[in-house]
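The residues making up each chain are set out below.
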Amino acid sequence: MFFSFEEKKLRKVPRFANACGAITTTKKGAIPALPSDKKTLACSSHDLLFFQTKAPFSLTRSVKKTKPANAMAMALRLYLLLLVFLSSAIVSFSLYEDQVGLMDWHQRYIGKVKHAVFHTQKTGRKRVIVSTEENVVASLDLRHGEIFWRHVLGTKDAIDGVDIALGKYVITLSSEGSMVRAWNLPDGQMVWETSLHSAQHSKSLLSVPVNLKVDKDYPILVFGGGYLHAVSPIDGEVLWKKDFTAEGFEVQRVLQPLESSIIYVLGFLHSSEAIVYQIDSKSGEVVAEKSKAFPGGFSGEVASVSNDKVVVLDSTRSILVTISFVDEEISFQKTLISDLVEDSGEAEILSPLLSNMLAVKVNKRTIFVRVGDQGKLEMVDSLSDETAMSDSLPVADDQVAFASVHHEGSKIHLTVKLVDDLDTVLLRESIQMDQHRGRVDKVFINNYIKTDRSNGFRALIVMEDHSLLLLQQGAIVWSREEGLASVTDVTTAELPVEKDGVSVAKVEHTLVDWLKGHILKLKGSLLLASPEDVVAIQEMRMKSSGRSKLTRDHNGFRKLFIALTRAGKLYALHTGDGRIVWSTLLKSPACARPSGISLYQWQVPHHHAMDENPSVLVVGRCGSDSSSPGVLSFVDVYTGKEISSSDIGHSVVQVMPLPFTDSTEQRLHLIADTDGHVHLYPKTSEALSIFQREFQNVYWYNVEGDDGIVRGHGMKSSCSGETADEYCFTTRELWTVVFPSESEKIISTLTRKPNEVVHTQAKVSTDQDVLYKYVSRNLLFVATVSPKGAGEIGSVTPEESALVVYLIDTVTGRILHRLSHQGCQGPVHAVFSENWVVYHYFNLRAHKYEVTVVEIYDQSRAENKNVWKLVLGKHNLTAPISSYSRPEMFTKSQSYFFPQSVKTIAVTSTAKGITSKQLLIGTIGDQILALDKRFVDPRRTLNPSQAEKEEGIIPLTDSLPIIPQSYITHSLKVEGLRGIVTAPAKLESTTHVFAYGVDLFYTRLAPSKTYDSLTDDFSYALLLITIVALVAAIYITWALSEKKELSEKWR
Amino acid sequence: MAKLTPFFFLSFLIISSSLAFQSDEFGLEGAQQQTPTTRKRYSDPDSDSKVQFSLEHAFGDSDFSPAGTFSARLKSWSHGGKTLTKLRFSRNGFSDEEKDTFKNLLKGDDFYRIRLPSNVISPPGKEFVVASVRARCLPRDGLDEHFVIHMEGANILALSYGSLGACQYPRQFKLPAKWSFNSHTILKSSEQAPRTPIFTEEVLGGENAEGEVEPPPERSFWAKYWMYLIPVGLVVMNAVTQATNMAEEQTGGQAGGSQVQQSARRR
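About the criteria used
- The residue numbering used here restarts from 1 in each chain and proceeds along that chain's sequence as written.
- Chains and ligands are labelled sequentially in the order written, the chains with letters from A and the ligands with numbers from 1.
- Reporting of local features is limited, given that this is a predicted model, to residues whose pLDDT is at least 70; pairs of side-chain atoms are given and counted only at 80 or more, and all residues count toward the totals for whole chains, interfaces and linings.
- The side-chain figures draw on all heavy atoms in the structure; neither hydrogens nor water molecules are used.
- UniProt positions are given in the numbering used here, feature names are shortened, and annotations may be inferred rather than shown by experiment.
- The pairing criterion is simple: DSSP has to find at least two bridges between the two strands.
- Runs of H or I in DSSP of at least four residues are treated as helices and runs of E of at least two as strands, each being numbered from the N terminus.
- Every axis corresponds to a line fitted to the C-alpha atoms, with the helix fit spanning only the stretch in contact, and the corresponding angles, defined between N-to-C directions, vary from 0 to 180 degrees.
- We call two residues in contact whenever any of their non-hydrogen atoms come within 4.5 Å of each other.
- What counts as buried area is the accessible surface, traced by a 1.4 Å probe, that two parts surrender upon association, with contributions from both included.
- A side-chain nitrogen of Lys or Arg and a carboxyl oxygen of Asp or Glu constitute a salt bridge if their distance falls within 4 Å.
- Any pair of nitrogen or oxygen atoms within 3.5 Å is treated as a polar contact; in protein, a donor-acceptor pairing is required on top of that, and neighbouring residues in sequence qualify only through side-chain atoms on both sides.
- The classification used treats Ala, Val, Leu, Ile, Met, Phe, Trp, Tyr, Cys and Pro as nonpolar, Asp, Glu, Lys and Arg as charged, and all other residues, Gly among them, as polar.
- Every patch collects residues that have over 30% relative accessible area and no salt bridge, joining them within 9 Å if they carry like charges and within 5 Å if they are nonpolar side chains (Val, Leu, Ile, Met, Phe, Trp, Tyr).
- Under the convention used here, a 1.4 Å probe and the Shrake-Rupley method define accessible areas, while residue burial counts only the protein chains that appear.
- Under the scheme applied here, a residue whose accessible area is under 20% of the maximum for its type counts as buried, over 50% as exposed, and between as partly exposed, the area being computed with a 1.4 Å probe on protein chains only.
- Residue types Ala, Val, Leu, Ile, Met, Phe, Trp, Tyr and Cys, when buried and joined through side-chain atoms within 4.5 Å, form a set referred to as a nonpolar core.

Chain B has the name ER membrane protein complex subunit 10 in an unreviewed UniProt entry, where Brassica rapa subsp. trilocularis is given as its organism. Check the Sequence similarities (unreviewed entry) section of the UniProt entry for chain B; it says "Belongs to the EMC10 family." Recorded under Subcellular location (unreviewed entry), the UniProt text for chain B is reproduced unchanged: "Endoplasmic reticulum membrane".

As annotated in an unreviewed UniProt entry, chain A carries the name ER membrane protein complex subunit 1 and comes from Brassica rapa subsp. trilocularis. Note on chain A: under the UniProt heading Subcellular location (unreviewed entry), the record states "Endoplasmic reticulum membrane".

A.B. asks: Explanation requested: the sheet that holds strand S39 (residues 595–603) of chain A in the structure shown.
C.D. replies: Within a sheet, adjacent strands bond to each other through the backbone by hydrogen bonds, running parallel or antiparallel. Residue and element names in this part refer to chain A. Judged by pairing direction, the sheet is antiparallel, and its 4 strands sit side by side in the order S39-S40-S41-S42 without closing on themselves. Only two strands of the sheet have a single neighbouring strand rather than two, namely S39 and strand S42 (642–651). On average, each strand axis in the sheet is tilted by 20° relative to the strand beside it, whichever way the strands run.

A.B. asks: Quick question: what am I supposed to make of the interface of chain A and chain B here?
C.D. replies: Much of the literature gives interface size as the accessible area that the parts lose upon coming together. Every contact between the two is made by 50 residues of chain A and, on the other side, 56 residues of chain B. Taken together, both faces of the contact between chain A and chain B bury some 4400 Å²; the carbon and sulfur share is 49%. Remark: the boundary between chain A and chain B carries 4 salt bridges. Here Asp61 of chain B and Arg732 of chain A are joined by a salt bridge, their closest N and O atoms 2.5 Å apart. At the junction of chain A with chain B, the criterion picks out 17 residue pairs in polar contact (both at pLDDT 80 or more). Mapped by element, the contributors of at least two residues to the side of chain A that touches chain B are helix H2 (46–54), helix H3 (57–65), strand S47 (709–718), strand S48 (728–738), strand S53 (802–809), strand S54 (815–822) and strand S58 (889–898) of chain A. Per element, the largest residue contribution to the side of chain A that touches chain B is 7 residues, and it comes from S48 of chain A. Residues that form the side of chain A that touches chain B fall into these classes: 21 nonpolar, 15 polar and 14 charged. Bridge count for S54 of chain A against strand S9 (residues 191–192) of chain B is 2 bridges, and the pairing is parallel. Bridging from a neighbouring strand, Ser820 of chain A pairs with Gln192 of chain B of S9 of chain B.

A.B. asks: What is the right way to read unusual backbone geometry from this model?
C.D. replies: Outside of glycine, negative phi angles account for most residues, and trans bonds account for most peptide bonds. All names here are of chain A. A cis amide bond links Tyr681 to the next residue, Pro682, at an omega of 0°. Position of Pro682 relative to the elements: it lies in the loop between strand S45 (677–681) and helix H9 (685–693). The amide bond that connects Gly826 to the next residue, Pro827, takes the cis arrangement and shows omega of 0°. Among the structural elements, Pro827 can be located in strand S55 (residues 824–833). Of note in the backbone geometry, Asn135 takes a positive phi value of approximately 60° without being a glycine. Structurally, the position occupied by Asn135 is in the loop between strand S3 (127–132) and strand S4 (136–141).

A.B. asks: Explain a nonpolar patch on the surface here, please?
C.D. replies: All names here are of chain B. On the surface, Phe221, Trp222, Tyr225, Trp226, Met227, Tyr228, Ile230 and Leu234 cluster together into a nonpolar patch covering about 880 Å² of accessible area. Counting through the fold element by element, Tyr225 comes out in helix H5 (residues 221–246). On the basis of relative accessibility, which here comes to 36%, the residue Tyr225 falls in the partly exposed class.

A.B. asks: What is the right way to look at the nonpolar core in this model?
C.D. replies: As a rule of thumb, nonpolar side chains are buried together in soluble globular proteins. Counting 54 residues, the largest nonpolar core has Phe739 of chain A together with Phe102 and Tyr112 of chain B as its most contacted members. Ranked by the residues each element gives to this core, the list is headed by strand S7 (residues 155–162) of chain B, at 5 residues. Grouped together as the second largest cluster of nonpolar side chains are 33 residues, Trp478, Tyr571, Phe994 and Val998 of chain A included.

In structure tokens form, the structure reads like this:
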């Protein structure tokens, strides 16, 4: 490296400067070295000559006249010299790499685990292979829970099964059984991939033979899309396939008895007839076929209890049917559930892989049913409450064990029992569990041999909040907060204000430590630091206590990101280091677990910031249907405690924060329900009076995407006529925009962020002309495509597809701008800020993605250019604007090609809106590209004039540039990127950026560089020392020159 | 081709062959894009029919009642599209009863709502396009109203309705002097987005590569070397002042001075 060669020399440089400084300030002989003073020493010293030549000319002149100035000039000169050396030293030291992680953090997740396969046979690394609901297949370290490797499959590529084949490949089946992949177990490299033919939607099945002999190659059997495929585990070649599409046959079980070449395939025909095929595993030919009709019909899961029997429920879900199918004939044996358990109801078969045993859930109880040799069923045990169970696991001596986990208070009990003998408990452990993890959802167990040759068990459990924990020896070995892989909504919150008593000393430990740290930093910047020091400095920067403190800072760099996840859990993440400050699982009196919909800032105290805590509003609903009743939950941001939670008794379609707050600074919210009524929250008389005052000026709209209608509504009256609720209001339809269903389909709608700050309304163009931005909060951007073109890119010809974009005023329903792009297609990703919209779509004619910018300018104010008019007050700038006035506006737009496909677009936002904006484009590669808004300026021309160039207008190009350095995620990937959230810091130049997907990523951005603050690594100690040295130098040289003057006068 | 052009176009002496070639291409592209539609538009005998659709209005929350009729000619193009032309509007005046309700609207600053069928050919069964305005925005001398009807083929997409000019807020209660409508109607259809400009710099560069690569403009000596010249100048001036200072006592200074002069001449 360049640095290593130069280091010695560079180190000499500051040393030399220091030495020079020391000599000049201490030694008498150095003073005459000043160029103007004496001539004798001028040429004698090599080093000092250097001084002379570098000295600025103007200073030498002034030196002659006044003596104190002489001293000053010299000190200045020294200082300048020192600075020159220092700056050159810093420049040569490339800082980019070690800046990574200073302002940003990145967290990797996998999502809620669906399947887990342990791989612990070998003595090497113990690992578990998991597949998740976020379509991730990953290998985790069993000791620490770290990710060895991970692959995020596409959003439509859901994983159906995962297993290990040949002891070295991880086999995954995805996309409804049409894609089989093999990954190398140690490093996760893909070994082969086979795409299987699929004709219809059906459930899929993966069966990997369990054989320890590698030399015998049994095929992997895959059922999906109506076909049974045999795939070679070595290279993924399809050995044979059997077509079951024509018969309406659904495979339920595939059985490969060991040491046998016959495969038994059991399936149901139209859910009423059981068919067993015996297939030769080498050729795929059907050796034998037998079938038997079952008049009652089957339903639900099949539980295979042994090698020759399966148990299934009949269509009424009240009879268990045992099917033995390996013998000559298929035989059914019915057992009424009411015979097994007294209060029977609808039953459900759980955990279908216990040998000779089956677990049935009836009436919220889990009963264990043993299957006798003759197919006779008997109940052996029952468990109350909700109990999670694992699949069976073979332990030593042909015994099979399973684990069950149930809750009791704040503890969970893990029990491992033998299947054959439920009284033999192999393991019983109780573990303290955080209440906010909810119940246990899934259990996977694995055994190991302890040193005393007994069996030990480890259990991997998935909790209701999607977190993943490993339990071993009665303790939680590690846990992963996998809920954060499915963030649905994000908002920001401030941290508490630093209270009295929390002084600098407490934060920085002691002043000595503080000084030490700064000296260390100084050493680093002077390149005097040893390698250990460098490490210490880096560590100090990463862990600087100021970064992760739980109080508000002056620059607003420390904040909380409140994230709502799909599991209905709320997390508060610290911007400094990304740690979870608190987390809360939502609860509701009405239903056990409401699903979270969205998140709003409920109370942001400014006046009482010291003694009132801010809170957020979480809107959820009980059930997945949009008409199911809603739940409101208010959560304290500082502590994470749920202040209150209420069932609101009506459905939630739309939540609208209003621009009003009450005296406690709670924001007023309107919630629209399915009946067309709106409800006001908070339900206080004060809020009601505030709302009544503005009642006439409240409008709202809704978008009916399926019908292609946008409707605007106004407030009508209180719905006191229908209900006694005085916080409920009826509305009336004021306008509709009806998109013709045969030619247009809404694919995207977007509004401005309600809390966005616009710094200036005017934009001064090059010819001293003023353009007024049309800044309206009531603008809605709508993009429609031809119904044919709503599918995948390339599914239509350019002539068939058109994209039309609209800007609609949501108060009056006026269409302010309408532009159609012929031969273009969605998906449309757009961002709306100030007076501009940027949207991204596909141009079928050019076979490229395009980005179009639309800027809207107000013409009714264009007359206000005359200074005299402004001085005399003859302008209409302060007049209230009414939406009912006919809008006089014009738009400017321009299109550019963009070389990448886009997942999401956001825009930076700063505290006052002065800093120029950057578009944050989440690319298909799961990275975030920061693109200056200047590149998507509609005023770009081919040959900008000199004046335009000075204004910063870039010459027009047909495509937008992608500068590799402007990826703000640098080398990282935010896997499965879904959204980008920006929030302003207090410092105008800086903005917080938070991106979420399967991974989380946070960074601070300064779109126009940090023009209003010094960088973090600015050495204050160096500045201080320099000033002190400078003052000392001035004083000493002044004293010396006085002396000299005196002696000259005496001469 | 590049070789042939000079033969045929001898008269065009200095025009570079590549430029001519390129402009040809541009022309072709433009023609391909535009001619079919424009030709059809002019050559086709229009097969039009008359359509009528009614405007309905409502006062506040009352039911809709007829308020006027639009009549237009429906042009069908051979490529399947249909457009409305020659729109005429006849507005029914307010009846006395309606005047009273309208006065009530004015007093309450309530909404005056209008609607049109979203499809002019087969109105029944389809959605209506609704627009509304605060009643106090309408009265000037008479009742000023301004319709902007956004069309997509024979479908009405949206209706913008309001007074012709501004509607000042707070809205003042004012009765119209005349109870007659002053209606303006505009039909609007979608604008086509301009094609993204494609620059053919690469093509140009390739053609030019044969010999005519334009060298970057020559910068002046000063512009190139100012960063070296300024320090040199400073040093020189520094030396000169020193030399003059030392001139009385030391002879060596003069030699230095002459050197400086030489370097200055060179510059």
